[in-house]
Amino acid sequence: MNIPQTSFPRVVIIGGGFAGLAAAKGLEKQELQVVLIDKHNYHTFQPLLYQVATGGLEPDSIAFPLRKRFNDVDNFFFRLAEVVKINPEKNLVETSIGNLEYDELIIATGSTTNFFGNTNIQKYAMEMKSVPQSLNIRSLVLENFEEALLTSNFEERNALMNFVIVGGGPTGVELAGALAEMKKGILPKDYPDLDIRQMQINLIQSSGEILKGMSAKASEKAEDFLIDLGVNVWKNLRVLDYDGKIVTTNGVDHFKAETVIWAAGVKGQTVDGLQAECIIERAARIKVDEYNKVFNYENIYAVGDVACMTSEKTPFGHPMMAQPAIQQGKLVAKNILAKLFNKKLKPFVYNDKGSMATIGRNKAVVDLPKWKFQGVFAWFVWMFVHLFSLIGFRNKAIVFLNWVYNYIRFDRETRLIIRPYKKKNKYSFKEQL
């Protein structure tokens, strides 16, 4: 890897997401060597991926180069690589570009889409966990309408304009709202020779409420907002299969759709090499103690989505969201420094700052610890929080200007098919990344 030898302890961080980045920030300019490994050279602000997928933002406005964030930090090194395995007995990380020894290891590999073992859905449905996947969705949506223009078959045209989103969490709700706004104000102008009224947006939730982790009022109001926008909200309906053409459910309702976007679940993205008893199989998360130490290991930590810290209050671990990840990353950095100076470690206590979701223009729901509100004010709060959380002044400025322009003009300028997604054979839907 061409990492220089040093007399300082070496801390290796796997993953440049919210947790890994927070840990790296907490360790910068200390008397140790920090090495961050990631398969991408940028940090992705995942809460805004749905806006990339629906043409509201370009990907470079929600991504930030990892090297740029630390280019003035002498003790920091970044390597673009995939981690193949860790070898705890030798304190070694095995990667696609070579091996690296560590004194302390932080696993911050995040999460991936959970298809719950359904191989057909995994093969034909779209997922949205990365920038390339969001660009794939954007291309597919636009290509569907281009294709719908060319067919005289009524059923085929309707299937091309039928969108099924599986999962009523924040990702599914926000994506459904964004597609509904495209249907309302953008697509009729782009495709005047298509009857856009035939476009259907179906949000399918297996339980009896959407935004299940939020308050009952937020769930109810979000559903009202979606229905007002023309989204078909299906509750207590579970998707069983998808063959690329027909969505099969456990009810009497089935859907003919060329596009299914899977937002129904996530699981941890674990790393090979840990003992089997350290992994919670059903959620693919790593068991950690109150200090985020991996069970049975003294110098390996797991933070963020991949970590599962169970307690009476959190029997299934903390929610797989940005705030727990950031807070765990910060505390692990402090605890590693405390350990090196023989000081007492601090246990992790999650500070729940609330949750929020936007459904569209002037429509959002916000649950704070002491206040819960919906509507226009909630929408402005949602925008402010997300703008403030972006990394880099340029990204903040570009996103803000895009939002202002889109609000005034009711437009989404980045409706571009930069790279076609569908293959020439229309029945071979995917280009695997």
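Rules behind the numbers
Residues numbered from 1 in each chain as written. Predicted model: local features only at pLDDT ≥ 70, side-chain atom pairs only at ≥ 80, totals over all residues. Heavy atoms only, no water. Core = buried A, V, L, I, M, F, W, Y, C linked by side-chain atoms within 4.5 Å. Buried < 20%, exposed > 50% of the residue type's maximum accessible area, 1.4 Å probe, protein only. Helix = DSSP H or I, 4+ residues; strand = E, 2+ residues; numbered from the N terminus. Axes fitted to C-alpha atoms, helices over the stretch in contact; angles between N-to-C directions. Parallel < 35°, antiparallel > 145°, perpendicular 65-115°, else oblique. Contact = heavy atoms within 4.5 Å. Nonpolar A, V, L, I, M, F, W, Y, C, P; charged D, E, K, R; others polar. Left-handed = near helix turned anticlockwise from the far one by under 90°. Salt bridge = Lys/Arg side-chain N within 4 Å of Asp/Glu carboxyl O. Pairing = 2+ DSSP bridges. Patch = residues over 30% accessible without salt bridge, like charges linked within 9 Å, V, L, I, M, F, W, Y side chains within 5 Å. Areas by Shrake-Rupley, 256 points an atom, 1.4 Å probe, with all protein chains shown as cover. Right-handed = clockwise from strand over helix to strand, strands pointing away. Disulfide = S-S within 2.5 Å.

A.B. asks: Help me get a handle on the nonpolar core, residues and values and all.
C.D. replies: Buried together is how nonpolar side chains tend to be arranged in soluble globular proteins. One finds Ile-13, Leu-27, Leu-48, Ile-106, Phe-145, Leu-226 and Val-365 to be the most contacted residues of the largest nonpolar core, which totals 92 residues. Among the elements that line this core, the one with the most residues is helix H5 (residues 131-150), at eight residues. Counting 29 residues, the second largest nonpolar core, distinct from the first, contains Ile-37, Ile-86, Ile-107 and Ala-307.

A.B. asks: Lay out the packing of helix H11 (residues 376-389) against helix H12 (residues 393-409) in plain terms, naming residues and giving numbers.
C.D. replies: Between H11 and H12, whose axes approach to 9 Å, the crossing angle comes to 155 degrees. With respect to each other, H11 and H12 are oriented roughly antiparallel. For the pair H11 and H12, contact is made by Trp-379, Trp-382, Met-383, His-386, Leu-387 and Phe-388 and by Lys-396, Val-399, Phe-400, Trp-403 and Tyr-407, respectively. Its residues assigned to classes, the contact of H11 with H12 comprises nine nonpolar, one polar and one charged.

A.B. asks: Account for the packing of helix H1 (residues 18-27) against helix H10 (residues 322-340), with residues named and values stated.
C.D. replies: Relative to each other, H1 and H10 sit at 30 degrees, their axes nearing to 7 Å. When the interaxial angle is binned, H1 and H10 end up roughly parallel. Of the two elements, H1 crosses H10, and the hand of that crossing is right-handed. Here Phe-18, Ala-19, Ala-22, Ala-23, Gly-26 and Leu-27 of H1 come into contact with H10, specifically with Ala-322, Ala-325, Ile-326, Gly-329, Lys-330, Ala-333, Ile-336 and Leu-337. Class assignment of the residues belonging to the contact of H1 with H10 gives a composition of 11 nonpolar, two polar and one charged.

A.B. asks: Please give an account of the pattern of salt bridges that cites residues and values.
C.D. replies: A full pass over the atoms with the stated rule returns 11 salt bridges. With a closest N to O distance of 3.5 Å, Glu-58 and Arg-138 form a salt bridge. Here Glu-58, found in the loop between helix H2 (49-53) and strand S4 (63-65), pairs with Arg-138, found in helix H5; they are 80 residues apart in sequence, far enough to count as distant. Residue classification places Arg-138 among the buried positions, given a relative accessible area of 3%. A salt bridge links Arg-415 to Asp-190; the shortest N-O distance between them is 2.6 Å. Within this pair, whereas Arg-415 is found in the segment after H12, its partner Asp-190 is found in helix H8 (residues 187-190), the two being separated by 225 residues in sequence. For Arg-415, a relative accessible area of 22% corresponds to the partly exposed category. Each of Asp-190, Asp-411 and Arg-415 takes part in one network of salt bridges that share partners.

A.B. asks: How would you sum up the sheet that holds strand S16 (residues 255-256)? Please name residues and give values.
C.D. replies: Across the sheet, three strands lie side by side as S14-S15-S16; this open sheet has antiparallel pairing. Looking at strand neighbours, the two that pair on one side only are strand S14 (239-242) and S16, the edges of this open sheet. With three bridges connecting them, S14 and strand S15 (residues 246-249) associate as antiparallel partners. Across the sheet, residue Tyr-242 finds its bridge partner in S15, namely Val-247.

A.B. asks: Run through a nonpolar patch on the surface, naming residues and quoting values.
C.D. replies: Taken together, the side chains of Phe-400, Leu-401, Val-404, Tyr-407 and Ile-408 define a hydrophobic patch exposed on the protein surface, amounting to about 480 Å² of accessible area. When you line up the elements, Leu-401 lands in helix H12. By relative accessible area, which is 56% here, Leu-401 ends up exposed.

A.B. asks: So what's going on with the pairing of strand S12 (residues 200-204)? Which residues, and what values?
C.D. replies: A large share of S12 lies buried, amounting to four of its five residues. Here strand S11 (residues 162-166) runs beside S12; their pairing, made up of five bridges, is parallel. Of the residues in S12, the one forming a bridge with Val-166 is Ile-204. The sheet contact formed by S12 and strand S13 (residues 232-234) spans three bridges and is parallel. Bridging across to S13, Leu-203 finds its partner in Val-233. Running through helix H9 (residues 216-228), the crossover from S12 to the neighbouring parallel element S13 is right-handed.

A.B. asks: Can you tell me about the state of the cysteines, naming the residues and giving the values?
C.D. replies: Working definition: the covalent bond between the sulfur atoms of two cysteines is a disulfide. Counted under the stated rule, the structure contains zero disulfides. Summary of cysteine pairing: Cys-278 is not part of a disulfide, and the nearest cysteine sulfur, belonging to Cys-308, is at 12 Å. Exposure remark for Cys-278: the relative accessible area of 0% places this residue in the buried category. Under the relative-accessibility criterion, Cys-308 is labelled buried at 5%.

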